[in-house]
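Architecture at a glance
Spelled out, the chains give:
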Amino acid sequence: MKYYSTNKQAPLATLEEAVVKGLASDKGLYMPERIKSLPRAFFDTIENLSFQEIAYTVADAFFGEDVEADNLKQIVYDTLSFDTPAVKVKENIYSLELFHGPTLAFKDVGARFMARLLGYFIEKEKNKQLVNVLVATSGDTGSAVANGFLGVEGIRVFVLYPKGKVSPIQECQFTTLGKNIIALEVDGTFDDCQALVKAAFMDADLNAKHLLTSANSINVARFLPQAFYYFYAYAQVKKAAAGKDLVVCVPSGNFGNITAGLFGKRMGLPVTRFIAANNSNDIFFQYLQSGEYNPRPSVATLANAMDVGDPSNFVRILDLYNNDFNAIKRDISAARYSDEEIAATVKRCYRDTGYLLEPHGACGYQALEDNLQANEVGVFLETAHPAKFLETVEHIIGEKIEIPGKLQEFMKGTKQSIELPKDFADFKDFLMKV
Ligand SMILES: *Cc1c(COP(=O)(O)O)cnc(C)c1O
């Protein structure tokens, strides 16, 4: 299968090229040339299949032409070494818990898949060269990428993060790993880290010396595998939703997660409609109101992984719907919540149902409460574990919450990081010598 760029000015790419490059040369995002429909029979018996079996069927539709069956199966099964259960919160509302992976957030699925697929391509190359992944993080992306790539042969990961600006819980998830993960503590902001990564990709000397790539969330190998759990969610609620319409609500920032769900719908997944839940960064909500897309600088909120002012995957949605605004509105609606509303939702849901949300999932839950019709069953994506937002959540509910064992393990590890100034010359010097 070939991949085209949303800007349509770059040559078609193979899967390997799209994964290694990330972004097309015309700065567009890669899209698969075809989206295959899955057969009726698959949906008829889907509830009898395991998560891994379902995911492999979906992965085969995307990647089956480019990766041998045995290898693809191995990649899928290794990636999904944890469950994503759909848990009933109250009548007609289910939480798809995507936080049972190594770093307790949904980004684990895409990061683990991408690492393994990249590892597969490296293995196939004749003159194997070490691949260097550069990733700038304000917290969560670094941990998902670092853990996803941990121990994958032929790959070395450099995580750049702003010194003193990442929570201790987040920091320990990528600084205690060792092996092929190198944490670089930059004396600057997240934007400085991102600028260093961008400059490195543009630098001729560095590119001559090293094979450099990014593990950005726009990468097709991180983005498409997120479709897996939408199918599994359907399998889990199919019986409860029989005779009703299924609505899926996705707390959205860069809109990669929801776009993967829209791909699922295009493949035949019986989801009637999607809801994109925003925080105060309501660019998409406003777009659906007015038909105009007006990106603007993001503001900080409690649901900080959704603090995005110019969602990078918006162009993929436009492309998927051929720029047809009405078609987009038929499939997707939006909701937006302020910090006060998010806090009130976490508190009320916990009090009334005993189910503890975190700020991102709270937007999703609330959007279902506000929009679900009588004939509908709703699933919202709970994108992280509440303990990842420990202080916020404990403050809202006025109780201490338990930190999962996995997170405690990270906190016990020894921090290993290399301090760097924010100047490119120093970063370049460092990379030239490693
Ligand atoms: C990244 C993230 C999101 C937003 O997902 P997008 O694919 O960027 O829309 C939501 N919640 C959490 C916890 C995240 O880490």
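One structure accompanies this document, and this report is about it.

Thresholds, definitions, all that
Residues numbered from 1 in each chain as written. Predicted model: local features only at pLDDT ≥ 70, side-chain atom pairs only at ≥ 80, totals over all residues. Heavy atoms only, no water. Near = heavy atom within 4 Å. Polar contact = N/O pair within 3.5 Å; in protein donor to acceptor, adjacent residues only side chain to side chain. Areas by Shrake-Rupley, 256 points an atom, 1.4 Å probe, with all protein chains shown as cover. Buried < 20%, exposed > 50% of the residue type's maximum accessible area, 1.4 Å probe, protein only. Helix = DSSP H or I, 4+ residues; strand = E, 2+ residues; numbered from the N terminus. Contact = heavy atoms within 4.5 Å. Salt bridge = Lys/Arg side-chain N within 4 Å of Asp/Glu carboxyl O. Phe/Tyr/Trp six-rings, centres within 6.5 Å; stacked < 30°, edge-to-face > 60°. Lys NZ or Arg CZ within 6 Å of the ring centre and 35° of its normal. Core = buried A, V, L, I, M, F, W, Y, C linked by side-chain atoms within 4.5 Å. Pairing = 2+ DSSP bridges. Axes fitted to C-alpha atoms, helices over the stretch in contact; angles between N-to-C directions. Disulfide = S-S within 2.5 Å. Parallel < 35°, antiparallel > 145°, perpendicular 65-115°, else oblique. Left-handed = near helix turned anticlockwise from the far one by under 90°. Right-handed = clockwise from strand over helix to strand, strands pointing away. Arc of directions from axis to C-beta.

1. Focus on the site of the ligand
Taken together, 15 residues lie around the ligand, and Lys107, Gly253, Asn254, Phe255 and Thr383 are the ones closest in. Between Asn254 and the ligand, the recorded distance is 2.8 Å, taken from a backbone N or O atom to an oxygen atom. Within the backbone of Phe255, one N or O atom sits 2.8 Å away from an oxygen atom of the ligand. Contact with the protein chains removes 95% of the 380 Å² of surface that the ligand exposes when unbound.

2. Section: helix 13 (residues 283–290)
Among the residues making up helix 13, those that are buried are Ile283, Phe284, Phe285, Tyr287 and Leu288. As for helix 13, its buried residues are in contact with strand 10 (273–278), helix 14 (314–320), helix 15 (325–331) and strand 11 (332–336). Looking one or two places after helix 13, you find Gly291, whose phi comes out positive at around 80°.

3. Describing the pattern of salt bridges
A complete count under the given rule lists 22 salt bridges for this structure. Between Glu65 and Lys36 there is a salt bridge, with the nearest N and O atoms lying 3.1 Å from each other. Placement of Glu65 in the loop between helix 3 (51–63) and helix 4 (69–79) and of Lys36 in the loop between strand 2 (30–32) and helix 2 (40–44) is noted, with a sequence separation of 29 residues between them. Assessed through its relative accessible area of 42%, Glu65 is described here as partly exposed.

4. Section: the packing of aromatic side chains
A complete count under the given rule lists 23 aromatic pairs for this structure. Seen from the ring of Tyr56, Lys73 lies directly overhead, with NZ or CZ sitting 5.2 Å from the centre.

5. Side note on the nonpolar core
Phe63, Leu117, Phe149, Phe231 and Phe284 are the most contacted members of the largest nonpolar core, which totals 143 residues. With residues near it in sequence (within four places) discarded, Phe231 still touches Leu38, Phe42, Phe43, Ile46, Ile54, Val58, Gly264, Met267 and Leu269. Of all hydrophobic cores here, the second largest spans 16 residues; its members include Leu196, Ala200, Leu206 and Leu212.

6. Topic: the sheet that holds strand 9 (residues 245–251)
In spatial order, the strands read 3-4-12-9-10-11; together these six strands make up an open sheet with mixed pairing. The strands lining the two open edges of the sheet, one partner per strand, are strand 3 (86–90) and strand 11. Taken pair by pair, the neighbouring strands of this sheet meet at an average axis angle of 25°, ignoring direction. Note: strand 9 against strand 12 (residues 376–382), five bridges, orientation parallel. In the strand pairing of strand 12, Val247 is matched with Gly378. In this fold helix 12 (residues 256–266) packs onto strand 9, strand 10, strand 11 and strand 12, with an angle of close to 180° to the strand it touches most, strand 10.

7. Structural notes on the side chain of Glu185
Along the chain, Glu185 turns up in strand 7 (residues 181–187). For Glu185, a relative accessible area of 5% gives the class buried. Of the polar contacts made by the side chain of Glu185, one reaches the side chain of Tyr161; its length is 3.5 Å. Aside from chain neighbours lying at most four places away, what touches Glu185 is Tyr161, Lys163, Glu171, Lys415, Ser417, Ile418, Glu419 and Leu420.

8. Quick word on the environment of Leu420
Of note, Leu420 is situated in strand 13 (residues 418–421). You can call Leu420 buried: its relative accessible area is 9%. The sequence separation of Leu420 and Phe389 amounts to 31 residues, and the corresponding C-alpha distance is 28 Å. Residues within four places of Leu420 in sequence aside, it is in contact with Leu184, Glu185, Val186, Asp187, Asp426, Phe427 and Phe430.

9. Some thoughts on the state of the cysteines
One pass over the full model with this rule turns up zero disulfides. Cys193 takes part in no disulfide bond, and the closest cysteine sulfur to it belongs to Cys172, at a distance of 18 Å. Owing to a relative accessible area of 0%, Cys193 belongs among the buried residues under this scheme. No disulfide involves Cys249; its nearest neighbouring cysteine sulfur is the one of Cys363, lying 8.7 Å away.

10. Remarks on the packing of helix 3 against helix 11 (residues 228–237)
Where helix 3 meets helix 11, the axes come as close as 9 Å, and the angle between the chain directions of the two elements is 130°. By the angle between their directions, the pair helix 3 and helix 11 is classed as oblique. The element helix 3 and its partner helix 11 pack so that their crossing is right-handed. In this structure, helix 3 uses Phe51, Ile54, Ala55, Val58 and Ala59 to contact helix 11, whose residues at the interface are Phe228, Tyr229, Phe231, Tyr232 and Ala235.

11. Considerations on the pairing of strand 6 (residues 155–162)
Counting buried positions along strand 6 gives eight out of eight residues, so the element sits mostly inside the fold. The pairing of strand 5 (residues 131–136) with strand 6 spans six bridges and is classified as parallel. Bridging from a neighbouring strand, Leu134 pairs with Phe158 of strand 6. Tracing the backbone out of strand 5, into helix 6 (residues 140–149) and back to the parallel element strand 6 gives a crossover that is right-handed. Where strand 6 meets strand 7, six bridges bridge the pair, whose relative direction is parallel. Along strand 7, the bridge assignment pairs Leu160 with Leu184. Running through helix 7 (residues 168–175), the crossover from strand 6 to the neighbouring parallel element strand 7 is right-handed.

12. So, helix 18 (residues 390–397)
Restricting attention to buried positions, one finds in helix 18 the residues Leu390, Val393, Glu394, Ile396 and Ile397. Mapping the buried residues of helix 18 onto a view down its axis gives an arc of 160°, with all of them on the same face. Pointing more than 90 degrees away from the buried face of helix 18 are the exposed residues Glu391 and His395. The elements touched by buried residues of helix 18 are helix 7, helix 16 (339–353) and helix 17 (359–371).

Spatial relationships are all this shows, so hold off on functional conclusions.
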